[in-house]
Amino acid sequence: MSRDGHFLALAGGVGGAKLANGLTQVLAADALTIVVNTGDDFEHLGLHVSPDIDSVTYALAGLNDPVRGWGLAGESWNAMRAVARLGGPDWFALGDHDLATHLLRSQRLRAGETLSQVTAAFARRLGIGHRIVPMSDDPVRSVVDTDEGPLPFQDYFVRRRCEPAFRGIGFDGIADARPAVGFLDALADPQLRAIVLCPSNPLLSLRPILSLPGVDERLRARRVPVVAVSPFVGGDAVKGPAAKILRELGVPVTPEGLLSFYDGLVDALVVDACDADWASCSRLSALATDTLMRDPGDQARLAREVLAFIDDLPGRSAGA
Ligand code: GDP
């Protein structure tokens, strides 16, 4: 299927990586930019860890572990065991092979490269043609406001397994952070055809990207369709804490609840067939289909359906 224009996908880790991988199977390398959340990034054992960028990169390289849902397939854990033996922190699991990514990334960042440059270099080495762009090269650190007080993101997400009740989220450093050049280029691309919000956690993964200074304004000013793919299937998240968080906020775990986080930004919505009833009474253009991506075949099918849906959106037919 040949398609005009450039597509911008905004993604977190697990769900985002799956749809991003599908999009790479149906769009040419120069027709897609994947912008990835870096609010989850943190420094651990002296290393710069970028969990969402790595999830997307490993998925696009076909190296990810689809069962565990994060990290590399065929991973071993010797370094972690050795860290624990010496009394070091082992609550954040870094596999032996994954460690190579963090070691090299940290070294290159210390030598003065930007996160965008390191991400692009790793992607090239792994044979990925499509652009993976961190949302910013400046440090942004998500902090979760919980019933126990504020917790740095990975403390909440991994160390505490999202157990404290979620009250809100903030992003340290965001006021001074600039969107990465590759993100700004995609936003300004005259060929920009549509923006896809991947089925990622709307608060933990997509809000940091949308909160960067100037991003929301630029997205709205482009007047191209913004299409959200729901991470919810029949009143629950496929994986992770998104449903728990919405319940704790008193927001329904439905497509409507999802839209409440986007303040009118979204023009069209892709929901699971389980939520088809909602789609038929929505004001927005909506597509109801099987959104569960069990394997790369599902990822490509859903990506194809999303792109065909965009082609059919009223007033924005292909080539318009
Ligand atoms: P995180 O950084 O690991 O939280 O990654 P994301 O924010 O990208 O992904 C978490 C969201 O992805 C969860 O809310 C899941 O419901 C959603 N998700 C994961 N797999 C799928 C899938 O196959 N289909 C859909 N529709 N959503 C998915």
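In short, a report on the structure. (Residues numbered from 1 in each chain as written. Predicted model: local features only at pLDDT ≥ 70, side-chain atom pairs only at ≥ 80, totals over all residues. Heavy atoms only, no water.)

**What about the sheet that holds strand E6 (residues 141-146)?**
Overall, antiparallel pairing links the three strands, which are arranged E7-E6-E8 in an open sheet. Two strands close off the open sheet at either side, each with one partner strand: strand E7 (149-152) and strand E8 (166-172). Geometrically, the sheet is characterised by an average inter-axis angle of 30° between neighbouring strands, direction not taken into account. Inspection of the sheet shows E6 paired to E7 by four bridges, in the antiparallel sense. Following the sheet pairing, Asp 145 is matched in E7 by Pro 150. (Pairing = 2+ DSSP bridges. Helix = DSSP H or I, 4+ residues; strand = E, 2+ residues; numbered from the N terminus. Axes fitted to C-alpha atoms, helices over the stretch in contact; angles between N-to-C directions.)

**Thoughts on the pattern of salt bridges**
Within the structure shown, the criterion is met by 16 salt bridges. A salt bridge links Arg 68 to Asp 65, with the shortest nitrogen-to-oxygen separation between them at 3.0 Å. In this structure Asp 65 comes out as buried when scored by relative accessible area, which is 14%. In this structure, Lys 244 and Glu 248 form a salt bridge, with 2.7 Å as the shortest nitrogen-oxygen distance. Of this pair, Lys 244 and Glu 248 both sit in helix H10 (residues 242-249), four residues apart, roughly one helical turn. You can call Glu 248 partly exposed: its relative accessible area is 28%. Within this structure, Asp 290, Arg 294, Asp 298, Arg 301 and Glu 305 form a network of salt bridges that share partners. (Salt bridge = Lys/Arg side-chain N within 4 Å of Asp/Glu carboxyl O. Buried < 20%, exposed > 50% of the residue type's maximum accessible area, 1.4 Å probe, protein only.)

**Focus: the packing of helix H4 (residues 96-110) against helix H5 (residues 115-125)**
Contact geometry of H4 with H5 gives a least axis separation of 10 Å together with a crossing angle of 140°. The angle between the axes of H4 and H5 places the two elements in the oblique class. Note on packing geometry: the crossing formed by H4 with H5 is right-handed. Between H4 and H5, the residues in contact are Thr 101, Leu 104, Arg 105, Arg 108 and Leu 109 and Leu 115, Val 118, Ala 121 and Phe 122, respectively. (Parallel < 35°, antiparallel > 145°, perpendicular 65-115°, else oblique. Left-handed = near helix turned anticlockwise from the far one by under 90°. Contact = heavy atoms within 4.5 Å.)

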